[in-house]
Amino acid sequence: MEISRETLLDMHRRMVRIRTFEEEAGKLMESGKVPGALHLYVGEEAVAAGVMTHLRDQDQITSTHRGHGHLVAKGGDLKKMYAELYGRVTGYCKGKGGSMHICDLDLGMLGANGIVGAGPVIAIGAAFSNRYRKTDNVTVCFFGDGASNEGTFHEAANMAALYKLPVVFVCENNGFGEFTRQERHQAVHDIADRAAGYGMPGVIVDGMDAIAVHEAAGEAIARARRGLGPTLLECKTYRYFDHVGVRGMGVIYRDDSEVLEWRKRDPIELMESRLAEQGILSADEAAAIRAGFLAEVREAIAFAEASPFPAPEALMEDIYTTAAG
Amino acid sequence: MTTTEAPVARELTYVAAVGEAFGQLMREDPNVFICGEDVSLYGSVFGVTRGLLAEFGPERVVDTPISESGIMGLGLGAAATGLRPIVDIMFMDFMTVCMDEIVNQIAKMKYMFGGKAVLPLTIHTMAGAGSSMAAQHSQSLEAWFCHVPGLKVVMPSGPYEAKGLLVAAVRDDNPVMVINTKTLLGMRAEVPEALYEIPLGKANVVRPGTNFTIVAIGRMVSESLKAAETLAADGLDVEVIDPRTLQPFDTETVVASVRKTHRALIAHEAVRFGGIGAEFAAQIQEEAFDHLDAPVGRVGAPFSPVPFSPVLEKEYMPNADRIVSEVRRILGKQA
């Protein structure tokens, strides 16, 4: 597949935007400025960028507890995102959802989710609806190696294949279910092997390489759009930070050498070196892009910090849909 | 009635009333579809979806694998993206294998998303003992779902309620759980042919009375009416109230009744301990304590799994006789 210069730059920008958002969010959590827990996406940016460059706003995604990157890549508004992390009324969920429930239904982002493995069954519902409403929209379900052990994944994969639903299951295999290494939580090495058990294609791709993800996702998404059914796309990737928060190094559950090894194939650096080789993006231009997103992020953080908290009476609002709306 | 008069209502069984409502709702709104185990070709094990496949086709009458989480997720994802699904969970006991979808996802999505999500989803199921189906096919678990903000819960007591509440549930823009009672499925009553709604959250005074209030749900409504006849011989004029909707609960109608009668009893088939009757009783004493002449009574099942053997099951199931003796016991305790 020939990938246009615009698409390559688009993927790069989406990755840098995620990285900047997440690194700054991590600092805010560590300094106690945002309440609660954040599950950060740093290291896995190539997956979101490679997939999302194929999707339209009407195409839905289901996300995970590690969901910021998916929303940023789908075109999320950083102001509303940070405001949500801060629990402010200007946030995506008016401060009622926080990091783990961040969403943008207008962008087809059906929510980050606090329950591991919740997404697959929601995704088949959205995919069913796409076909029922006679659209050619597709639904992409992001989930991790940990979630692949939940029964919901099994049920959804079986039903998606049975009904030939326009859905793509994108497994972000970052090697850990929370703090438990993959070989300690499942006997298979390649989660894509499981696809055969459902009668759907299983594809393995380098999840640190946005171009590889983009190519494989393109095929799977096109297949789903044509009504040929689901694909399980396993992206081998890595989480630089811990399950929650930042640290990531000097921890009991993995060696620092492993982290450093993966960082040698950093998805953004990988893309930048290719773009430089092809004369598409210079180092200066790349630095300017980073600076641009840092400015956007800082402006968004300032917006969030200046935003009001919800009024106490908002506690009892939005539980039910009423005639008034 | 002369033959020239148009009949206002015909007698229908509970099953036929539900089936008629499904068909009419699907004709009314092309976004309504039904999915569940054996709902399509087989017409559901209870017969409530018989005939729908022929009229609406497999796209709108969807047989599913035995995958309750998958079915519930299908309904959730479809509802969140513009459809109006009816999800059939064959036996209420099977809610246990899709609790995440109901409790963590469906009930909370609107709130977690700051009000943005609209989930017009109906969860349709069958509860209750009395058919020797034993402990995993006979439970009445309505109290669990009334405890979860974001859900509405209705429990029809007969064919008229079954149709009217189902119509209201499907037309509502919130997730509504419709809990039918298996032993009522053969019950016959007058049911209007037209599509009608029974408003959610509004109780029905089934039998007006002056000096005792029985609040009964599901099958216990007809049992309470029988009990009321027996108690009439004691000189008691019992008012029977069917809340119809358990969540939101019509506190006002019930409390108004108790202020008049000064005595109350709650009857449900579910296990008494932690049953929804405990909440009803608490609300009555909070709102009408000064009007009560006796403690609020409760009739429910003993704290036991539902047994298999008909002899044991008979021992388990609350009925009119138990209501009568509990009412008499309460009267003996009057201040």
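Residues numbered from 1 in each chain as written. Chains lettered and ligands numbered in written order. Predicted model: local features only at pLDDT ≥ 70, side-chain atom pairs only at ≥ 80, totals over all residues. Heavy atoms only, no water.

Chemist: Is there a simple way to explain the overall build of chain A in this structure?
Modeler: When helices and strands are counted, chain A shows 10 helices and seven strands. Against the 2.2 N^0.38 benchmark of 20 Å for 325 residues, chain A shows a C-alpha radius of gyration of 19 Å, consistent with a compact globule. Counting only C-alpha atoms, chain A reaches 55 × 50 × 40 Å along its principal axes. Residue burial in chain A is summarised as follows: out of 325 residues, 60% are buried. In chain A, the share of contacts with a sequence separation of at least 24, taken over all contacts with a separation of at least 6, comes to 73%. Within chain A, one finds 35 positive and 46 negative side-chain charges whose respective centroids are separated by 3 Å. (Helix = DSSP H or I, 4+ residues; strand = E, 2+ residues; numbered from the N terminus. Rg over C-alpha atoms; globule rule 2.2 N^0.38 Å. Buried < 20%, exposed > 50% of the residue type's maximum accessible area, 1.4 Å probe, protein only. Contact = heavy atoms within 4.5 Å. Lys, Arg positive; Asp, Glu negative; His and termini not counted. Charge placed at Lys NZ, Arg CZ, Asp CG, Glu CD.)

Chemist: Would you mind showing me how to read helix α5 (residues 119-132) of chain A here?
Modeler: The periodicity of an α-helix, 3.6 residues per turn, causes residues three or four positions apart to be oriented the same way. Residues and elements named next belong to chain A. In a regular helix each residue adds 1.5 Å, so 14 residues correspond to 20 Å; α5 covers 20 Å between its end C-alpha atoms and thus fits that length. Burial analysis of α5 places 13 of its 14 residues in the buried class, which makes it a mostly covered element. Note on α5: the residue one or two positions beyond its end, Lys134, has a positive phi of about 60 degrees. (Expected span 1.5 Å × (residues − 1).)

Chemist: I tried to follow the interface of chain B and chain A on my own but got confused; where do I start?
Modeler: Bring the parts together and some accessible area is lost; that lost area is often taken as the interface size. On the chain A side, the residues contacting the 44 residues of chain B number 37 residues. Summing both partners gives a buried area of about 3,200 Å² for chain B against chain A, and 65% of it is carried by carbon and sulfur. The interface formed by chain B and chain A holds one salt bridge in total. Note that B:Lys116 and A:Asp106 form a salt bridge whose closest N and O atoms lie 3.0 Å from each other. Scanning the region where chain B abuts chain A turns up 19 residue pairs in polar contact (both at pLDDT 80 or more). When contributions to the side of chain B that touches chain A are tallied by element, the ones reaching two or more residues are β2 (32-36), β3 (61-63), α3 (68-80), α4 (99-106) and α5 (109-112) of chain B. At nine residues, α3(B) tops the list of elements feeding residues into the side of chain B that touches chain A. Grouping the amino acids of the side of chain B that touches chain A by side-chain chemistry returns 19 nonpolar, 15 polar and 10 charged. (Buried area = accessible area lost by both parts, 1.4 Å probe. Salt bridge = Lys/Arg side-chain N within 4 Å of Asp/Glu carboxyl O. Polar contact = N/O pair within 3.5 Å; in protein donor to acceptor, adjacent residues only side chain to side chain. Nonpolar A, V, L, I, M, F, W, Y, C, P; charged D, E, K, R; others polar.)

Chemist: Before we go on, may I ask you to explain the packing of helix α1 (residues 5-30) of chain A against helix α2 (residues 45-52) of chain A in this structure?
Modeler: The description of two helices packed together rests on the angle between their axes and the distance between the axes. Residue and element names in this part refer to chain A. Taken N-terminus to C-terminus, the directions of α1 and α2 make an angle of 140 degrees; their axes are 9 Å apart at the nearest point. Taken as axis vectors, α1 and α2 run oblique relative to one another. Judged by the sense of rotation from one axis to the other, the crossing of α1 with α2 is right-handed. The segment α1 lies against α2, with Met11, Arg14, Met15, Ile18 and Arg19 engaging Glu45, Ala46, Ala48, Ala49, Gly50 and Met52. Its residues assigned to classes, the contact of α1 with α2 comprises seven nonpolar, one polar and three charged. (Axes fitted to C-alpha atoms, helices over the stretch in contact; angles between N-to-C directions. Parallel < 35°, antiparallel > 145°, perpendicular 65-115°, else oblique. Left-handed = near helix turned anticlockwise from the far one by under 90°.)

Chemist: Would you take a moment to explain the nonpolar core for this structure?
Modeler: Nonpolar side chains tend toward joint burial in soluble globular proteins. The biggest cluster of nonpolar side chains holds 178 residues, and the ones touching the most others in it are A:Tyr82, A:Phe169 and B:Ile102. Composition of this core by domain shows at least three residues from each of domain 1 (9-192) and domain 2 (204-332) of chain B. The contact partners of A:Phe169, leaving out residues within four places of it in the chain, are A:Pro120, A:Ile124, A:Cys141, A:Phe143, A:Ala156, A:Ala157, A:Ala160, A:Met200, A:Pro230, A:Thr231, A:Leu232 and A:Leu233. Ranked by size, the runner-up nonpolar core spans 20 residues in total, among them B:Leu236, B:Val238, B:Ile323 and B:Ile330. (Core = buried A, V, L, I, M, F, W, Y, C linked by side-chain atoms within 4.5 Å. Domains from an automatic or database assignment.)

Chemist: Mind showing me how you'd approach the packing of α5(A) against α3(B) here?
Modeler: It is the contact of α5(A) with α3(B), at a shortest axis distance of 6 Å, that shows an interaxial angle of 50 degrees. As the angle between them shows, α5(A) and α3(B) are arranged oblique. The handedness of the crossing between α5(A) and α3(B) is right-handed. When α5(A) is examined against α3(B), the residues A:Val121, A:Ile122, A:Ile124, A:Gly125, A:Ala126, A:Phe128 and A:Ser129 are found in contact with a partner set consisting of B:Ser69, B:Gly70, B:Gly73, B:Leu74, B:Leu76, B:Gly77 and B:Ala78. In terms of residue class, the contact of α5(A) with α3(B) is made up of eight nonpolar, six polar and no charged.

Chemist: Whenever I open this one, the environment of A:Ile124 confuses me. Can you help?
Modeler: Here A:Ile124 lies in helix α5. By relative accessible area, A:Ile124 is classed as buried at 0%. The sequence separation of A:Ile124 and A:Ala160 amounts to 36 residues, and the corresponding C-alpha distance is 6.2 Å. Setting aside residues up to four positions removed in sequence, A:Ile124 forms contacts with A:Ala156, A:Met159, A:Ala160, A:Leu165, A:Phe169, B:Gly70 and B:Leu74.

Chemist: In this structure, what is going on with the pattern of salt bridges? I would like to understand it.
Modeler: Working definition: two side chains of opposite charge can pair if their charged atoms are close together. All names here are of chain A. Under the definition given, this model contains 39 salt bridges over all chains. Two residues, Arg14 and Asp10, come together in a salt bridge whose shortest N-O distance is 2.9 Å. With Arg14 and Asp10 both in helix α1, this residue pair falls four residues apart, about one helical turn. The partly exposed category is assigned to Asp10, whose relative accessible area is 26%.

Chemist: How do you make sense of the pairing of strand β7 (residues 176-181) of chain B when you look at a structure like this?
Modeler: Consecutive side chains along a regular strand alternate between the two faces of the sheet. Residue and element names in this part refer to chain B. Buried residues dominate β7, accounting for six of its six residues. Going residue by residue along β7, you find Val176, Val178 and Asn180 tucked away on one face and Met177, Ile179 and Thr181 tucked away on the opposite face as well. Relative to β7, strand β5 (residues 122-127) runs parallel, the two sharing six bridges. Looking at β7, one finds that Ile123 is bridged to Met177. Bridging between strand β6 (residues 152-154) and β7 involves three bridges; their strand directions are parallel. Looking at β7, one finds that Val154 is bridged to Val178. The parallel pair β6 and β7 is bridged by helix α7 (residues 159-171), and the resulting crossover is right-handed. (Pairing = 2+ DSSP bridges. Right-handed = clockwise from strand over helix to strand, strands pointing away.)

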